[in-house]
Amino acid sequence: MTTPSRLPEPYGSGSGANLADILERVLDKGVVIAGDIRINLLDIELLTIKLRLIVASVDKAKEMGIDWWEDDPALSSRARRDELARENAELRERIAQLEPARTQEEAP
């Protein structure tokens, strides 16, 4: 008597919903992957690389207190505007400091 062999399901069938469920759970809960790479030569540490990867939704990251992208001008238009406003204020202050000195130099 032979038993029927179980063949693996094709990749397309049923895996979409499972992948979506897994992705939703990962983004909802968050996943942290950490690792260190060290290169030593004769017990002398030459290089250490610390890798930290967090995969989470934006809401979950904010819950954990991670919001660095909001202050990075390369990633946030608000941060870019804030940086330009700060730079503009500094330049206006420098001009204001230079104007009285220039006016005094021109006076007879």
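Residues numbered from 1 in each chain as written. Predicted model: local features only at pLDDT ≥ 70, side-chain atom pairs only at ≥ 80, totals over all residues. Heavy atoms only, no water.

J.: Would you mind going over the overall build of the chain with me for this structure?
T.: The number of helices and strands found in the chain is three helices and two strands. Reading the chain from its N end, one meets helices and strands in the order α-β-β-α-α. In the chain, which comprises 108 residues, the share counted as buried stands at 3%. Considering only contacts within the chain whose residues lie at least 6 apart along the sequence, 19% involve residues at least 24 apart. (Helix = DSSP H or I, 4+ residues; strand = E, 2+ residues; numbered from the N terminus. Buried < 20%, exposed > 50% of the residue type's maximum accessible area, 1.4 Å probe, protein only. Contact = heavy atoms within 4.5 Å.)

J.: Looking at this structure, how should I read the pattern of salt bridges?
T.: Working definition: two side chains of opposite charge can pair if their charged atoms are close together. This structure, assessed with the given rule, holds six salt bridges. Note that Lys62 is salt-bridged to Glu70, the shortest N-O span being 2.9 Å. Taking the relative accessible area as the measure of exposure, Lys62 reaches 42% and is therefore partly exposed. You can call Glu70 partly exposed: its relative accessible area is 21%. (Salt bridge = Lys/Arg side-chain N within 4 Å of Asp/Glu carboxyl O.)

J.: How do you make sense of the environment of Leu27 when you look at a structure like this?
T.: Turning to its location among the elements, Leu27 is positioned in helix H1 (residues 15-29). Through-space distance from the C-alpha of Leu27 to that of Val58 is 8.4 Å; in sequence the pair is 31 residues apart. If we skip the residues at most four places from it in the chain, Leu27 touches Val55, Ala56, Ser57 and Lys60.

J.: Just to check I follow, could you spell out the pairing of strand E1 (residues 31-41) for this structure?
T.: Within a regular beta strand, the side chains point alternately toward one face of the sheet and then the other, so they alternate between its two faces. Pairing geometry for E1 and strand E2 (residues 44-55), over eleven bridges, is antiparallel. Looking at the pairing, Val32 lines up with Ile54 of E2. Linking two consecutive strands that pair antiparallel, namely E1 and E2, is a turn of two residues; a positive phi of about 55° is found at Leu42 within it. (Pairing = 2+ DSSP bridges.)

J.: What exactly am I supposed to notice about a nonpolar patch on the surface here?
T.: A grouping of Ile37, Ile39, Leu41, Leu42, Ile44, Leu46, Leu47, Ile49 and Leu51 is seen on the molecular surface, where their side chains present a nonpolar patch of about 860 Å² in accessible area. Where the nonpolar patch is concerned, the elements lending two or more residues are E1 and E2. The dominant element in the nonpolar patch, judged by the number of residues it contributes, is E2, at five residues. With respect to the secondary-structure elements, Leu42 resides in the loop between E1 and E2. (Patch = residues over 30% accessible without salt bridge, like charges linked within 9 Å, V, L, I, M, F, W, Y side chains within 5 Å. Areas by Shrake-Rupley, 256 points an atom, 1.4 Å probe, with all protein chains shown as cover.)

J.: Can you walk me through the confidence of the model for the chain in this structure?
T.: Fine structural detail should not be taken from predicted coordinates in areas where pLDDT scores are low. With 77% of its residues at a pLDDT of 70 or more, the chain shows a mean pLDDT of 79. Of all helices and strands in the chain, the one with the weakest mean pLDDT is H1 (77), whereas E2 scores best (86). (pLDDT = per-residue confidence, 0-100.)

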